[in-house]
Amino acid sequence: MVTLLLHPLSPAAFPLAAAALNFIFGKQLKAKTAWISSAASLMSFAVSIFLLTRTAAHGVMQGSIIWLEAGNFKITSGFLLDPLSASFLAVVSLVGMLIQIYAAGSMKDDPEFTRFYSTLSLFMAAMTALIAADGLLLFFMAWEIMGLCSFLLIGFWFQKEAAAKAAHKAFLATRLGDLCLLLGLLMLSSSLGTLQFTALSEKAAALGASAWLSAAALLIFAGAAGKSAQFPFHIWLPDAMEGPTPVSALIHAATMVAAGIYLLIRTFPVLALDARVLSVIAAVGTFTAVLTALLALRSQEIKKTLAFSTLSQLGMMAACIGFSNPGAAFFHLVTHAFFKALLFMGAGNVLHACGTQNLGRLGGLGRPMKLTSGAFLVGSLALAGLPPLSGFWSKEGILAAAHGYSPFYFGALLLTSFLTALYSARLYLQIFEGSASRSADAETARECPKSMTIPLLTLGVLAAAAGIPGSPWMGYFFQTFIGISPHGDPASYAVLAGSLIACALGLAGAWLSAGPWRGLGLKETAGAGRFLEKAGMELPNSAARLFASGLKTAGRAAACTDRLLLDGAVMLPGVLLQLAAAGFRKIQSGFILHYLLAAFAAVIGLLAAGMNF
Amino acid sequence: MSTLQSLAHFKTEIILLIGAFITLFSDSPKGSRFLAGTAALLTLTLAGVAAFTEASQQSLQLFGGFFTLDGATRFFRFGMILAAAASVLLGMTRGAIALSFFAESTALMLFLTFGLIVLCASGHFLTLLLAVEMVSLLSYLMTGFSPQNTRAREAALKYLLLGSFCSAFMLYGISLLFGLTGSLDFDSVRAAVQDGGQRTAAAASLLFILTGAGFKLSLFPFHFWAPDVYEAAPSPVAAYLTVAPKAAACAILIRLFSEVFPSMQTFGAEVLQTLCILTLLAASLLALAQTRVRRLIAYSSMAQAGYLLMGLSLFSREGLQAAFFYLAAYGAANLGVFAALTALSQRGTQDHLEDLTGAAWRNPFAAGCLTVFLLSLAGLPPLAGFLGKFWIFAAALKEGEVFLVVTAALTSMIGIFYYFKILRTLYFSDPLIALCAAPTPLPLRILLILLASAVTAAGLFPSWLLRAAESALR
Amino acid sequence: MTLLSSVVFFPLAGALVLLGLPRTLASRAFPLAMGFTGLTLFIAFGILGAVDPTQPGFQLTEKMPWIPEWGVSYHLAVDTLSLPLILLSALLFAVACAASSQRKEKQKEYFALMLILETGVMGSFLALDLMMFYIFWELVLIPMYLLIGIFGGERKNRAAVKFFLYTFCGSLLMLLAVAAVYFLSPARSFDLLELLKSPLSLEIQRMVFLGFLAGFAVKIPVFPLHTWLPEAHVEAPAPISVLLAGILLKMGAYGLMRFGVTLFPEAALEFRPVLMGLAVAGILAGGFAALSQKDLKRMIAYSSVSHMGFVVLGISAGTEAALSGAVFQMISHGLITSGLFLLAGYLYERTHTRDQDAFGGLAAGMPRYAGLLIFFSMASLGLPGLSGFPAELLVLAGTLERHPGASAAAAAGIFLSAFYLVTMLRKVLWGPVPQNAPVPSDIRPGETLVLLPLVILILLAGICPSLFTGLSAASLPPLVIGASNG
């Protein structure tokens, strides 16, 4: 029994059981559902820690069964436990547990409490199953169930029209990406014969580059771009903020959106076959990073800013994979999970305390909410990349990879780091510093209850310390442990100096714009800002709306061709027959003379026809 | 064979004649149908038994060649008797026929049966002519005889005029043939025509004779009498007239082309097939626009005559066998339709479709039987009509008559439409005014059960009917 | 062993008993009907037990001469292609019967017609004699015509006549083809096994295959001939739609596989690109048309056209994976669409309207209903873990080897289904409750119980599909188009 408990798929089994329990006995359990879910995620975290130590000691553990077989088409699904999946398992279950404890406090007075927790647990089960998946099949199945959970959780408050629309847009955008991934997956299985990650790399290397494999790789990237909201799929993430804050923290910051990057890391051998594919990924990643960093500056709501910041960081990770250094991307993925979840929780606390997240009506919350502001400060500085916090080390890895790849991308990512530092520090200053006079509800703000602040503090510690294992002080222990790709040229001072300067400039700019030069330059940048807004968000949004209405008009066209053309074509002979029958009826005139004449004419006709016999 | 010996084989016909006279004089003053009805049924059963037990299988030339008793005659004779029995049984139900006229009409029907049997068995053009005249006169009489029904008299007059017109042509054809060959006996005429001396004249005479058969089968140019007669005549008479005369006409056609004009079969096939296609198309179009039930049934039986003709005109063994099978299925189904309509009808023979709305919920049994008969006529499995139609199509395809088959398929598609127009009114809406569910009288209930089970049995286990059709060809 | 004959004729006996029921006992019609359909399901499971799924040939054969003069024999047999369909039909008949427990008037005729329909369906899945198959094939038409006509909605007359005329014209062409096969093939008999022994020449095959295809294409329905389906579904009551979509459509696909592909392999091979084209057209046209439908049932009907397009794609793609996907899709579509139709029916019973825009925010008042509707919609759009996904995965994989373009177009079809289903969910279940909207009550436990077997089977098929593909795998190789039929 024990070995069964410690099976790589058991971290997925516990939340699944919790989800089922909550779903079936939801009515009776009421508040206790929170504890069941949290307990389940605690169990899965404990098991994943054990598995982490086991893989460190014994190395890779793998097993699979034949899921579907027909003729020469065979698909297997099973589990793969290597350092990469073990560590990501630990990170995700830890963050998941903290957020579920946090959610107990913030969702306490919501009538649909049980539905929230059963869907959340189902999501955790899907995420952990995805991480432990040995091949693209189980990965894809968990991937789509996560899509469903995100759909249900974004639309949790379904009475709100905005939430319903956001969920609808999110599901369809990711669904489009998923179908590209499905096609790519099938192309791989038809040419390489297998979908298992380990076998994938050997077979891909053996087969060599081909148009078929490059097309499959691009489709896989499209799938990842759908889920990780890369350009042009990035339109659904900012709207996804309609969901409850714990959902945004867990799904739309730490785990689900990161799954896309994890997919790219797993299928890196196939992507790396064709350099053009990598360059596409790098280009899309960097473009998303820069664009969304600029957009983050413009947004006036805390969660929207954090959403754009997540887009930007994901863009950087994707770009890093484009620079063929998946290790650094994964390291940034881990640290980002910690400090982004922390920032979202902080935003949740602010929202919980004073009911609004509009930056204009906030300020001076530092004093009444000491703990939250402290943790939020650590988080935003980590995001900004201030050494020795975790953000600095992981971002420095990406910048090193960019430096090695091409100076243009290095410059773009430096600009992104500068912008990141700028908006994250400004965010902190606008909420917690400055005079408290501006908004009435800022006065009534009080610190949130214990159950919400403790997870916040633990994440604060993690955000600060998580970078150390990957830093030179511990000899890049994390990268070597993951073992995907060795760290770039550590000693290049240009990279180190560049990231330090970018971070310093960003912080200084934020301090100045929040302090003495408050209103300066707002008007001039407003025009550029509006153009950026239009290009960055309105354009893709309207493109999506155009695509949707295009589908609808095609639908109307199909329906009316059905009704008029096809139906008409079949009904036409019927109508013609009715007319002919009505006309033909007249020959039954009722006059005997007509009948006799007709008979006589018939006889004559027969005779005439018969004569040439 | 000399007349005395042949009388021994003439038992069924003699019983029929005697029975007819007895029913004629058994018109009971009290006005009950029982006496006349039982007399007729008794005669028919006796005649049926005699026909069935008439042992000899080989074909005989009775009365010096005037009456050929072969497989076909036996098949038709038994068929006629069954049809007559069904019509008499139908006549015995209240409201089917005016009481005062019941005894006479049943007697006339027996005479008509006798005439038809002689017609089927004629081996000599004189017997053919006499039988045709007898049958025609009797049918005009029976259509128009019912006392205060003016529409019936008008229909009978039309029937008379058109009928005598066509049989005049037939007479002319036969006299032309006599002029050519100097004799009226089938065998000698065949010998004369065989040597192909005056082919065109023989062809002309054949055409004239065909008009007579065409009139009896209500083929397209000669069908004008059918809707008026079948609508105006009382139900049993109309039922009998749609089945028996058509069967006799088929018998005559087969006999003419197998015994008298075998050499001109290709010419005959061409003529008959054009007539068949014209009849099918005309009947379907006319039925499509029809809302009066009886006239709809008239056109449907015209279309069925077209399918029968399609089978006959192939002149192949499968074709004839399929035609016989189809004739039996059609006969039972058409008699059934008239019986069911009498059970369901509101305004006697003048029913519009609207009068039948929701009839199924008033009288489920009769409506169920009507559905079975209509589906068999439409040619839907698992009923006899389907097997008959399938077999005719298959035989035609075997002979390579693809165009004929395609038109027949097209007209059966249209057929679905008008048969289902009736089904739709029966089932799809509830009865308009809350009519009392009139229970079907006992004789009618028995008749319906017999006919419905005959049609379904022939559809599911057709081997017995196939063997009968096989014997008809010997 | 007369297991097959009993599963075919037992419902017919039930129908006769019901028809014989005196009018006073009309209320007993429902329990009786449940008894008969339940027992047929029991016999179907008996057949499952008696059949060895690994053995490819025909089993439990029952053969008797029926019309010896014409070479027609009474020949029933089951193989692993017809076995899953028999089980699906028996189950869906039981479910449809259970779902019509609320029927108050004309129950006797309603359940009797349903049982006759079941006999027609079972017979056509088991018959191996062409004539017998045709008779059962046509036997199905009349009860369905009457069911739609008598118990249908407002424009039921037009829908019923259209349904009948479409299918009848198709099967009339098939009748000519059957006649042609009987006369032109040297084996003077209707029996499939004899006919297979003596293949026809290509020209004859080409012509006759078209005849058969006409009959089957109308029923499946293949793209241009599908316009009768939405109308029939909109007018038919929900349980009847379950039978129509769940089973009758599968008869066409089964017929194509059993008779079309095996008797005329060369013609089928020649005709394959056209069939694939029509299948893809069906998927996309069905999807797009469903997109613009206001009426809930009409949308589900068009989605059935789209899903059946997958089945035709699977059959015509002609690889074993695609074929197994086609069979899997037939079963999964049967389960899923039945659920969707029943749910649409429940909503119609409560609100007497099928217009999607009339509802809104139903999830608040009807949480159980919302959960089930989301479950069945997700299954329909192919969410992994539910039966739609393995079916579409197999068909896509199978078609990819043959023609990648078709596979991509089919994937687009899947996205379309996601688009119109999620839009429906948003319109019906979520969003604010409009003021004058009817406030329906949540579905009763009885109604959920009817849907339970469907839910369990969909989950089972989604989680471990090898159970179902294993069941149908043995007899698929000879059905592959272009396979050397060794």
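Counting restarts for each chain: residues are numbered from 1 in the order of the written sequence. The order in which chains are written sets their letters, starting at A; the order in which ligands are written sets their numbers, starting at 1. Restriction of local features to residues with pLDDT of at least 70 applies here, the model being predicted, together with a cutoff of 80 or more for giving and counting side-chain atom pairs; totals for whole chains, interfaces and linings are based on all residues. Side-chain measures were taken over the full set of non-hydrogen atoms in the model, leaving aside hydrogen atoms and water.

Focus on the domain arrangement of chain C
Residue and element names in this part refer to chain C.
Stage number 1. Domain limits in this description derive from either an automatic procedure or a database domain assignment. When the domains of chain C are assigned, the result is domain 1 (1-260) and domain 2 (271-480).
Stage number 2. Relative placement of domain 1 and domain 2: their C-alpha centres are 23 Å apart.
Stage number 3. Facing the 47 residues of domain 1 at the interface are 42 residues of domain 2.
Stage number 4. Note on domain 1 versus domain 2: buried area summed over both sides is about 3,700 Å², and carbon and sulfur give 81% of it.
Stage number 5. Summed over the three residues of domain 1 that lose the most area to domain 2, namely F223, V234 and M257, the buried surface amounts to 17% of that side.
Stage number 6. Polar contact criterion, stated in full: a pair of N or O atoms within 3.5 Å, where within protein one must be able to donate a hydrogen and the other to accept it, and residues adjacent in sequence count only if both atoms are side-chain atoms. Our count for the domain 1 to domain 2 interface comes out at 5 residue pairs in polar contact (both at pLDDT 80 or more).
Stage number 7. Each helix is a run of DSSP H or I of at least 4 residues and each strand a run of E of at least 2, with the numbering of both proceeding from the N terminus. Going through the elements one at a time, α3 (82-99), α9 (202-219), α10 (228-235) and α11 (238-263) are the ones with two or more residues in the side of domain 1 that touches domain 2.
Stage number 8. Ranked by residue count, the leading element in the side of domain 1 that touches domain 2 is α11, at 11 residues.
Stage number 9. Note that Gly is not counted as nonpolar here; it falls among the polar residues with everything else outside the nonpolar set of Ala, Val, Leu, Ile, Met, Phe, Trp, Tyr, Cys and Pro and the charged set of Asp, Glu, Lys and Arg. Of the residues belonging to the side of domain 1 that touches domain 2, the class tally is 35 nonpolar, 8 polar and 4 charged. Here, two residues are considered to be in contact whenever any of their heavy atoms come within 4.5 Å of each other. The term buried area refers to how much accessible surface (probe radius 1.4 Å) is lost by two components on association, counted for both of them together.

Quick word on a nonpolar patch on the surface
Residue and element names in this part refer to chain B.
Stage number 1. Each patch is built from salt-bridge-free residues with over 30% relative accessible area, joining like charges within 9 Å and nonpolar side chains (Val, Leu, Ile, Met, Phe, Trp, Tyr) within 5 Å. Shrake-Rupley sampling with a 1.4 Å probe provides the accessible areas, and residues are treated as covered by the protein chains on show and by no other component. Take a side-chain nitrogen of Lys or Arg and a carboxyl oxygen of Asp or Glu: if they are within 4 Å of each other, that pair is a salt bridge. A cluster of nonpolar side chains, namely L4, L7, I14, I18 and I22, defines an oily patch on the protein surface of about 470 Å² accessible area.
Stage number 2. Where the nonpolar patch is concerned, the elements lending two or more residues are α1 (3-8) and α2 (11-25).
Stage number 3. The element contributing the most residues to the nonpolar patch is α2, with 3 residues.
Stage number 4. With respect to the secondary-structure elements, L4 resides in helix α1.

What to know about the environment of F50 of chain A
Stage number 1. Note that F50 of chain A resides in helix α3 (residues 32-58).
Stage number 2. Between the C-alpha atom of F50 of chain A and that of S471 of chain A, which follows or precedes it by 421 residues, the distance is 24 Å.

Quick look at the interface of chain B and chain C
Often, the extent of an interface is quoted as the loss of accessible area upon association of its parts.
Stage number 1. The interface is formed by 32 residues belonging to chain B together with 36 residues belonging to chain C.
Stage number 2. Roughly 3,300 Å² of surface becomes buried between chain B and chain C when both sides are summed, with 83% attributable to carbon and sulfur atoms.
Stage number 3. The largest per-residue losses of area from chain B upon contact with chain C belong to W361, F390 and F428 of chain B, which jointly make up 22% of the total buried on that side.
Stage number 4. At the surface where chain B touches chain C, the tally comes to 2 salt bridges.
Stage number 5. Linking R467 of chain B and E69 of chain C is a salt bridge whose minimum nitrogen-to-oxygen distance equals 3.9 Å.
Stage number 6. Where chain B touches chain C, the interface holds 3 residue pairs in polar contact (both at pLDDT 80 or more).
Stage number 7. Elements that contribute at least two residues to the side of chain B that touches chain C include exactly α16 (364-378), α17 (384-398), α18 (402-427) and α20 (463-473) of chain B.
Stage number 8. Taken together, the residues of the side of chain B that touches chain C break down into 26 nonpolar, 2 polar and 4 charged.

What to know about helix α7 (residues 156-184) of chain C
Stage number 1. A helix is expected to span 1.5 Å multiplied by its residue count minus one. An ideal rise of 1.5 Å per residue puts 42 Å on 29 residues; α7 of chain C measures up with 41 Å between its terminal C-alpha atoms.
Stage number 2. Think of it in three bands: with a 1.4 Å probe and only protein chains considered, a residue is buried below 20% of the maximum accessible area for its type, exposed above 50%, and partly exposed in between. Most of α7 of chain C sits inside the fold, with 24 of its 29 residues counted as buried.

Here's the deal with the pattern of salt bridges
Stage number 1. Applying the stated criterion to the full structure yields 35 salt bridges over all chains.
Stage number 2. A salt bridge links D178 of chain A to K227 of chain A, with the nearest nitrogen and oxygen atoms 3.7 Å apart. Residue D178 of chain A is located in helix α7 (residues 161-192), and its partner K227 of chain A is located in helix α9 (residues 211-227); the two are separated by 49 residues in the primary sequence. We note that D178 of chain A, like K227 of chain A, is buried.
Stage number 3. Ionic contacts of the salt-bridge type, sharing partners, join the residues R151, E154, K158, D228, E231, R292 and R295 of chain B into one network.

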